[in-house]
Amino acid sequence: MGEPYDERGFRVCARGRVSRPRRLLALAVYPERSAATRFRVRQYVPMLERAGWEVRFEPFMTDEMFRGFYAGRRVQNAVGLSLATLRRLRTAFFAGGYDAVLVQREAALIGPAYTEFILHSLKGIPIVFDFDDAIWHLDLPRSRHPIAARLLKSPGKCWRTMRQASLVLAGSEYLAGRARDVNSNVEVFPTVVPASTWAPRPGRLGGNEAEDRPLRIGWIGSHSTAHQLELAAPALRRLRDEGRRFTIQLVGAAPEFTLDGLDVEAVPWRLEEEVSRFQDLDIGLAPMHDGPVYEGKCGFKQLQYMAVGVPFVSSWVGGAKDFVVDGDNGLVAHDDDGWYRHLESLLESPDLRLSLARNGRTCIEEKYCLEKQGPRVAALVDEAFGHV
């Protein structure tokens, strides 16, 4: 790790001959369909490559396995996990010629940190550890997973990896604070989107609302987090009972998910429609329960709303505290009355919606986008290994 490097990231040997580029092995549990993998690993690969890193990305789960993993197919899941574990062990034992390993959350879904131990302790490869969740907790409440399966995840293994890492990238100030208990080289690295493609629909920031239709209040997430919409439901029911005109669209919740007393449009999540679904909303919902697990959430949904110019109401939990300014780029609700007042204001005031949309988009362009955060990745990795 001590040899000099040229401007392309190639090693320069003692006699001046250039050998190979620096090589980075990037490991994640989930394939690119997962938001964490897509937005915290894959979108940075081109920037790392331009900085002279040759990157190999390898998820623990295949795309096919990921698609059906939460459908309750226990036998298929058990077989899939066994095969994935064998593949990961093969990768670890036969990995050679790597200058660094990037681990996003954990290298394998189940078991202790065996991959990290082999690569770091046995092979001596430095680790960059990236995480965007309070992953030391077993799982979120209301998990459908059996207790045995959750215990197999060995959530406490992240602390060992963090202690050994040459660099820790944390998704929020809260997570960074926890990581600094065991590692002194920790950087806050928010989960962001590219501002070039995650942009407001034409006319939105100009105040043009030509469509004469009820406003669309919406939420985009996954089946495992949809239950948090219960926080906003009382306000939505009250507004509906008062005769307010709006529709509710939920993208990604389970087909059977309902909000009592409310008509909702349930839409399946599709990767190719992700940006357009956010763009089509008029008002976004970002409810989240309070508690230690949720404090580790990074507020990514709020940043997605801001990127496409959608005003939103958010709980005051987790990473949202790092960038949401109540009344400026978003609205913060602390209780049922807060949800009601803020949603009522957004339904009634086009000026408020426009102001929040513009300020949110400005926040994204100035700091919380790939174009601003991307160059930091290669610089931080280089700095961690003394290659600048």
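Everything below is about the structure shown above.
Only a predicted model underlies this, so the values are computations on that prediction, with no experimental measurement involved.

A.B. asks: What's the story with the environment of Val308 in this structure? I'm lost.
C.D. replies: By the secondary structure assignment, Val308 is in the loop between helix 12 (300–307) and strand 12 (312–315). Those residues in contact with Val308, other than ones at most four positions away along the chain, are Trp198, Ala199, Pro200, Arg201, Arg204, Phe278 and Gln279.

A.B. asks: Which parts of the structure should I look at to understand the nonpolar core?
C.D. replies: In globular proteins that are soluble, nonpolar side chains generally tend to be buried together. Counting residues in each nonpolar core, the largest one holds 76 residues, and the members touching the most others are Leu236, Leu285 and Leu343. With residues near it in sequence (within four places) discarded, Leu236 still touches Ile217, Phe246, Ile248, Leu262, Leu285 and Leu343. Residues Val103, Leu119, Ile127 and Ile135 belong to the second largest nonpolar core, which totals 29 residues.

A.B. asks: Where do I start with helix 16 (residues 370–384) in this structure?
C.D. replies: Helical geometry: 3.6 residues make up each α-helical turn, so side chains three or four residues apart lie on a common side. End to end, helix 16 covers 21 Å across 15 residues, agreeing with the expected 21 Å (1.5 Å per residue, within 8%). Residues of helix 16 that are buried: Leu370, Gln373, Gly374, Val377, Ala378, Leu380, Val381 and Asp382. Backbone geometry just downstream of helix 16 places Gly386 in the positive-phi region, at approximately 70°.

A.B. asks: Explain the pairing of strand 12 here, please?
C.D. replies: In summary, the side chains of a regular strand alternate between the two faces of the sheet. Residues of strand 12 alternate between two faces, with Phe312 and Ser314 on one and Val313 and Ser315 on the opposite face, all of them buried. With three bridges connecting them, strand 11 (residues 283–286) and strand 12 associate as parallel partners. When the bridges of strand 12 are listed, Leu285 appears paired with Val313. Where strand 12 and strand 13 (residues 331–333) come together, three bridges link them in parallel fashion. Note on strand 13: the bridge partner recorded for Ser314 is Val332.

A.B. asks: Looking at this structure, I do not really get the sheet that holds strand 13. What am I missing?
C.D. replies: Strand pairing in a sheet is mediated by backbone hydrogen bonds. Such pairs are either parallel or antiparallel. Taken in spatial order, the six strands line up as 10-9-8-11-12-13 in an open sheet, and their pairing is parallel. For this open sheet the edge positions go to strand 10 (265–267) and strand 13, each flanked by a neighbour on one side alone. When the angles between neighbouring strand axes are averaged without regard to direction, this sheet yields 25°.

A.B. asks: Would you mind going over the packing of aromatic side chains with me for this structure?
C.D. replies: Each pair of aromatic rings is reported with the distance of its centres and the angle of its planes. In total, this model carries twelve aromatic pairs according to the counting rule given. With a centroid separation of 5.0 Å and 55° between ring planes, the pair formed by Phe39 and Phe300 is classed as tilted. With a gap of 261 residues between them, Phe39 in helix 1 (residues 35–40) and Phe300 in helix 12 connect regions that are remote in the sequence. An identical accessibility class is assigned to Phe39 and Phe300; each is buried. Among the aromatic residues, those joined into a ring-pair cluster are Phe39, Trp198, Phe278, Phe300, Tyr305 and Phe312. Positioned over the ring face of Tyr98 is Arg23, at 4.3 Å from the centre of the ring.

A.B. asks: How do you make sense of helix 15 (residues 350–366) when you look at a structure like this?
C.D. replies: Compared with the 24 Å implied by 1.5 Å per residue over 17 residues, the 24 Å span of helix 15 between its first and last C-alpha is a close match. All of the buried residues in helix 15 are Arg353, Leu354, Leu356, Ala357, Gly360, Arg361, Cys363 and Ile364.

A.B. asks: For this particular structure, what's the right way to read the pairing of strand 11?
C.D. replies: Side chains Ile283 and Leu285 project from strand 11 onto one buried face, and the interleaved Gly284 and Ala286 project onto a second face that is buried too. As paired elements, strand 8 (residues 215–220) and strand 11 share two bridges and run parallel to each other. Note on strand 11: the bridge partner recorded for Ile217 is Ile283.

A.B. asks: Please explain a nonpolar patch on the surface as it appears in this structure.
C.D. replies: Together, Val75, Val79, Leu83 and Leu86 give the surface a local cluster of nonpolar side chains, amounting to about 390 Å² of exposed area. Of note, Val79 is situated in helix 4 (residues 74–94). With relative accessibility at 46%, the residue Val79 sits in the partly exposed group.

A.B. asks: How do you make sense of empty space enclosed by the protein when you look at a structure like this?
C.D. replies: The probe, sized like a water molecule, is rolled over the atoms to show the empty space still left. Under the criterion given, the structure shown has one cavity of 30 Å³ or more. Approximately 110 Å³ is the volume attributed to the largest cavity. In terms of lining residues, the largest cavity is bounded by Leu24, Arg40, Val41, Tyr44, Leu48, Leu102, Val128, Asp130, Leu169, Phe189, Val377 and Val381. Put simply, the parts of the chain that give the lining of the largest cavity at least two residues each are strand 5 (127–131) and helix 16. Each residue belonging to the lining of the largest cavity can be placed in one class, and the counts come to ten nonpolar, no polar and two charged.

Rules behind the numbers
Residues numbered from 1 in each chain as written. Predicted model: local features only at pLDDT ≥ 70, side-chain atom pairs only at ≥ 80, totals over all residues. Heavy atoms only, no water. Helix = DSSP H or I, 4+ residues; strand = E, 2+ residues; numbered from the N terminus. Contact = heavy atoms within 4.5 Å. Core = buried A, V, L, I, M, F, W, Y, C linked by side-chain atoms within 4.5 Å. Buried < 20%, exposed > 50% of the residue type's maximum accessible area, 1.4 Å probe, protein only. Expected span 1.5 Å × (residues − 1). Pairing = 2+ DSSP bridges. Axes fitted to C-alpha atoms, helices over the stretch in contact; angles between N-to-C directions. Phe/Tyr/Trp six-rings, centres within 6.5 Å; stacked < 30°, edge-to-face > 60°. Lys NZ or Arg CZ within 6 Å of the ring centre and 35° of its normal. Patch = residues over 30% accessible without salt bridge, like charges linked within 9 Å, V, L, I, M, F, W, Y side chains within 5 Å. Areas by Shrake-Rupley, 256 points an atom, 1.4 Å probe, with all protein chains shown as cover. Salt bridge = Lys/Arg side-chain N within 4 Å of Asp/Glu carboxyl O. 1 Å grid on protein atoms, 1.4 Å probe; cavity = no way out; pocket = protein on both sides within 12 Å on 5 of 7 lines; lining within 4 Å. Points joined across faces, edges and corners; volume = space filled by probe spheres on them. Nonpolar A, V, L, I, M, F, W, Y, C, P; charged D, E, K, R; others polar.

The quantities given are spatial measurements derived from coordinates; they are silent on function.
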